[in-house]
Structures are given as structure tokens and as C-alpha cells.
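Structural overview
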Amino acid sequence: MAKENVVLEKSFAFAVRIVNLSKYLKEKKHERVLSLQVLRYGTSIGANAEEAVGGQTKKDFYSKLCIAQKECRETIYWLRLLHETDYIDDKQFNSIIESAKELLNIITKILITTKKNLNNA
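Now for a description of the structure that goes with this document. These numbers were taken from a predicted model, which means no experiment stands behind them. (Residues numbered from 1 in each chain as written. Predicted model: local features only at pLDDT ≥ 70, side-chain atom pairs only at ≥ 80, totals over all residues. Heavy atoms only, no water.)

1. Comments concerning helix H4 (residues 90-120)
Put simply, the test is: Starting at the N terminus, helices and strands are each numbered in turn, a helix being any DSSP run of H or I of at least four residues and a strand any DSSP run of E of at least two. The span expected for a helix works out to 1.5 Å for each residue beyond the first. Residues are treated as being in contact if the distance between any of their heavy atoms lies within 4.5 Å. The term polar contact refers here to a pair of N or O atoms within 3.5 Å; inside protein, the definition further demands a hydrogen-donor-capable atom paired with an acceptor-capable atom, and it admits residues adjacent in sequence only when both atoms are side-chain atoms.
For H4, spanning 31 residues, the distance from its first C-alpha to its last is 44 Å, which sits close to the expected 45 Å at 1.5 Å a residue. Its buried side turned inward, H4 meets helix H1 (6-27), helix H2 (33-53) and helix H3 (58-84). Two or three places before Lys 91, at the opening of H4, Asp 89 has a side-chain oxygen 3.1 Å from that residue's backbone nitrogen.

2. Focus on the environment of Ala 47
Note the threshold: The buried label goes to any residue with under 20% of its type's maximum accessible area, the exposed label to any with over 50%, and the partly exposed label to all in between, with areas taken from a 1.4 Å probe on protein chains only.
One can find Ala 47 in helix H2. The exposure class assigned to Ala 47 is partly exposed, which follows from its relative accessible area of 39%. Taking the C-alpha atoms as reference points, Ala 47 and Ser 11, 36 residues apart in sequence, are found 8.4 Å from one another.

Right, here's the structure in full:
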């Protein structure tokens, strides 16, 4: 049985939500530019986490996960912008921003631990 990987599972579930949000923005709000930005960055979190897990070295893992962290932070920016410009309402925003912040916190904690391990190696 495969070992559970919280970052991969949560980042994939988050990416699914981002894809659905992007579709909603395009179809219901007729918004294309911001929806593409949130789609690009929101889905790349999981892609970079997958690359990190498949990394050849601990440094490679750390580097790819740093990119996932940056993409998560940028996704939060785009979500805030969508909310402040009334493309998504309070309920939509509060739900998805909490998921993004949770993912950011998990990634950040893993990076802190990994950096300590790299420095002690």
C-alpha cells in the first residue's frame, strides 16, 4: 500500500478547486485574464510538489518545494485580487483561501525541516 503524502493529496485537491474556479470565472463572470493567472499558479503548486517528491537529491527536493511555496503565495495574491474586485464572493473566497493558506503552511513547515536536515548533513 502506498504511503500517504499530505502535500501531494492536498495540492492535487486544491488544483481541482482552482480548475473549477477558473471555469466558473470564464463561464459565469466572463473573466479570462485573472482566471488564467489563478489557474496557472494554483495548479503549478501540485506539479512542483510532485517534482519535489521525484527529486534526485535532497537539494533538488528542497528547490522544487521552494518553487511550490512561491506558486502558493502567488495564488493567494490572485485569489485576494479576485475577491477585492468582486469576481468571487466572501463565501467562495473564505473557503478557497483557507485551503491555500493551509497548503502554504504545510509546505513551509516541510521546507524548514528539510533545510535543517540539509544543514546538518
